Amino acid sequence: MTYRFVLRRGQVTETEELQLTRTAAVRPGVTFTALAVDNDTPLATWLMNDPAFAGP
């Protein structure tokens, strides 16, 4: 399965060290700020092919 979080325009606003452990979630260490393309376009979009999230 693939999950993607798409930002059309963005800017890296903060960085940290990558943290990998066996017992916790992965923290990539990057903070993004989404920037508007225009007033009608969404800031971000989720793309996934997981059948558990299939629409009606």
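The coordinates are above.
Residues numbered from 1 in each chain as written. Predicted model: local features only at pLDDT ≥ 70, side-chain atom pairs only at ≥ 80, totals over all residues. Heavy atoms only, no water.

Trainee: How should the side chain of D50 be read in this particular structure?
Mentor: Examined against the element boundaries, D50 turns out to sit in the segment after β4 (44–48). No salt bridge is formed by the buried D50; its nearest oppositely charged neighbour, R4, is found at 14 Å. Only 2.3 Å separates the side chain of D50 from the side chain of Y3, close enough to count as a polar contact. Within the structure, D50 has its side chain in polar contact with the backbone nitrogen of A52 (distance 3.0 Å). Beyond its immediate sequence surroundings of up to four residues, D50 is in contact with M1 and Y3. (Helix = DSSP H or I, 4+ residues; strand = E, 2+ residues; numbered from the N terminus. Buried < 20%, exposed > 50% of the residue type's maximum accessible area, 1.4 Å probe, protein only. Lys, Arg positive; Asp, Glu negative; His and termini not counted. Salt bridge = Lys/Arg side-chain N within 4 Å of Asp/Glu carboxyl O. Polar contact = N/O pair within 3.5 Å; in protein donor to acceptor, adjacent residues only side chain to side chain. Contact = heavy atoms within 4.5 Å.)

Trainee: Any chance you could explain a nonpolar patch on the surface here in plain terms?
Mentor: Among the surface-exposed residues, M1, Y3, F5, W46, M48 and F53 lie close enough to one another that they form a single nonpolar patch of about 760 Å² accessible area. At the level of elements, β1 (3–7) and β4 are the ones that each hand at least two residues to the nonpolar patch. Topologically, M1 is positioned in the segment before β1. (Patch = residues over 30% accessible without salt bridge, like charges linked within 9 Å, V, L, I, M, F, W, Y side chains within 5 Å. Areas by Shrake-Rupley, 256 points an atom, 1.4 Å probe, with all protein chains shown as cover.)

Trainee: How should I be thinking about the packing of aromatic side chains in this particular structure?
Mentor: The description of an aromatic ring pair rests on the distance of the ring centres and on the angle between the ring planes. Tallied over the entire structure, the rule returns one aromatic pair. On the basis of an interplanar angle of 55 degrees and a centroid distance of 5.0 Å, the ring pair of F5 and W46 is categorised as tilted. Of this pair, F5 sits in strand β1 while W46 is found in strand β4, placing the two residues 41 residues apart along the sequence. (Phe/Tyr/Trp six-rings, centres within 6.5 Å; stacked < 30°, edge-to-face > 60°.)

Purely geometric stuff here, so don't read any function into it on its own.
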